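Architecture at a glance
Listed below are the residues making up each chain.
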Amino acid sequence: MNILLTGSSGFIGKRLLKKLSKYKKYKILNLVRTDKYKSKNDNIKFLKCDLDKLDNHVSKIINFNPTILIHLAWDKIPYFSEKNSKKNKNTSIKLIKFIEKNTKIKNIIVSGSCFEQYPPNKKYRYFKKAKIEILKYLKTSSKFNNFSFQWLRVFYVYGPRQRKDSLIPYLIKSISDNKKLTLNTPNNRHDFIYIDDVCDCIIKCLRPNIGSNIFEVGFGKTTKVKEIIKIIEKIKNKKFELVLNEKKSNKNFYAKIKKLRKKLNWEPKISIKKGLKMLLN
């Protein structure tokens, strides 16, 4: 099985590539923007390639003959401006069109976002719109070009190598540095899911003959930020210096994972307590 992968230098992509490399049945061509990436694994190759200039690499991609595309790339996260969201949308659709035209693709797996359905604030409105337009294109195109797609609405992923300004890395650094922490929304609830569970879900989507699907990928329940703090304090055996400005909490939305259980026999295995312990250790 030949997999074309974008975003393998990113948070989820790097972890996914490490997991995929353990399977000898997968050959993986990674589209990356620099030539610094090398692999000792014969089944893993890197192609320096700007997604806006795919036509410069037609022959190499055709010769690789991918049957699956996993598209995780999204430039300049966490900047969700109208300009950046539109640029990423256009790049993603251009990539899909290129793959349709030049390969015999069977399955396209794309990382969506929980914000498509549950945007917490206006900050994400352009990001949400861009993701929805990519999905709309996929739905139409897959019917005309005879391929399946898996659209993964991923919730709050955490784990090693996450951006330092994300919530959980920020909390861990604050307690490690004895830094006073001010929280305006300690009662906010999020569906946190460990990165290995997300990667295992993506790998499950490689199965043939599952049709096209939209999946919500999360733990299936929410955890308060205050509860995260208590877990970290217990693991570290250390107390946060906290200033709590308890404002109204957000809506309690979480991933509906029943479809994943039924269709792919997947469910998350790593609880928030276990995940934080793994991360801290």
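What you see is a predicted model; the values in this text were computed from it and never measured.

1. Some details on the packing of aromatic side chains
In total, this model carries 10 aromatic pairs according to the counting rule given. Ring geometry for F80 and Y124: centres 4.9 Å apart, planes at 55 degrees, overall tilted. With F80 in the loop between β4 (68-71) and α3 (82-102) and Y124 in the loop between β5 (107-111) and α4 (125-145), this residue pair connects regions lying 44 residues apart in the sequence. Following the ring pairs from residue to residue traces out a cluster consisting of W74, F80, F115, Y124, F127, Y156 and F192.

2. Here's the deal with the packing of helix α1 (residues 11-20) against helix α6 (residues 195-204)
Interhelical geometry of α1 versus α6 gives an angle of 60 degrees and a closest axis separation of 9 Å. Crossing handedness for the pair α1 and α6: right-handed. Between α1 and α6, the contacting residues are F11, I12, R15, L16, K19 and L20 on the first element and I195, D196, V198, C199, D200, I202 and I203 on the second. The residue inventory of the contact of α1 with α6, partitioned by class, reads nine nonpolar, no polar and four charged.

3. Some remarks on the sheet that holds strand β11 (residues 213-217)
Strand order in the open sheet made by the seven strands is β3-β2-β1-β4-β5-β6-β11, with parallel pairing throughout. Every other strand in the sheet has two partners, leaving β3 (44-48) and β11 as the edge strands with one partner each. Averaged over all pairs of adjacent strands, the angle between strand axes in this sheet comes to 20 degrees, irrespective of strand direction. Relative to β3, strand β2 (residues 27-32) runs parallel, the two being bridged by five bridges.

4. Topic: helix α7 (residues 225-236)
End to end, α7 covers 17 Å across 12 residues, agreeing with the expected 16 Å (1.5 Å per residue, within 8%). Looking at α7, one finds that the buried residues are V225, I228, I229, I231, I232 and E233. Just beyond α7, the residue with positive phi is N237, at close to 55 degrees.

5. Some words on the state of the cysteines
As enumerated under the stated definition, the model contains zero disulfides in all. Here C205 stays unpaired: no disulfide links it, and the sulfur of C201, its closest cysteine neighbor, is 4.7 Å away.

6. Quick look at the environment of K22
Mapped onto the elements, K22 comes out in the loop between α1 and β2. K22 sits 84 residues away from K106 along the chain, and the two C-alpha atoms are 22 Å apart.

7. Details of a positive patch on the surface
On the surface, a cluster of positive charge is contributed by K14, K18, K22, K36 and R161. A relative accessible area of 66% means that K22 is categorised as exposed.

8. Concerning the pairing of β5
The side chains of a regular strand alternate, first on one face of the sheet and then on the other. The element β5 is largely enclosed, with a buried count of five among its five residues. Neither face of β5 is exposed, since N107, I109 and S111 on one face and I108 and V110 on the opposite face are all buried. Of the pairings in the sheet, the one linking β4 to β5 comprises four bridges and is parallel in character. Across the sheet, L69 pairs through a bridge with I108, a residue of β5.

Cut-offs applied
- Residues numbered from 1 in each chain as written.
- Predicted model: local features only at pLDDT ≥ 70, side-chain atom pairs only at ≥ 80, totals over all residues.
- Heavy atoms only, no water.
- Phe/Tyr/Trp six-rings, centres within 6.5 Å; stacked < 30°, edge-to-face > 60°.
- Helix = DSSP H or I, 4+ residues; strand = E, 2+ residues; numbered from the N terminus.
- Axes fitted to C-alpha atoms, helices over the stretch in contact; angles between N-to-C directions.
- Left-handed = near helix turned anticlockwise from the far one by under 90°.
- Contact = heavy atoms within 4.5 Å.
- Nonpolar A, V, L, I, M, F, W, Y, C, P; charged D, E, K, R; others polar.
- Pairing = 2+ DSSP bridges.
- Expected span 1.5 Å × (residues − 1).
- Buried < 20%, exposed > 50% of the residue type's maximum accessible area, 1.4 Å probe, protein only.
- Disulfide = S-S within 2.5 Å.
- Patch = residues over 30% accessible without salt bridge, like charges linked within 9 Å, V, L, I, M, F, W, Y side chains within 5 Å.
- Areas by Shrake-Rupley, 256 points an atom, 1.4 Å probe, with all protein chains shown as cover.
- Salt bridge = Lys/Arg side-chain N within 4 Å of Asp/Glu carboxyl O.
- Lys, Arg positive; Asp, Glu negative; His and termini not counted.
- Charge placed at Lys NZ, Arg CZ, Asp CG, Glu CD.

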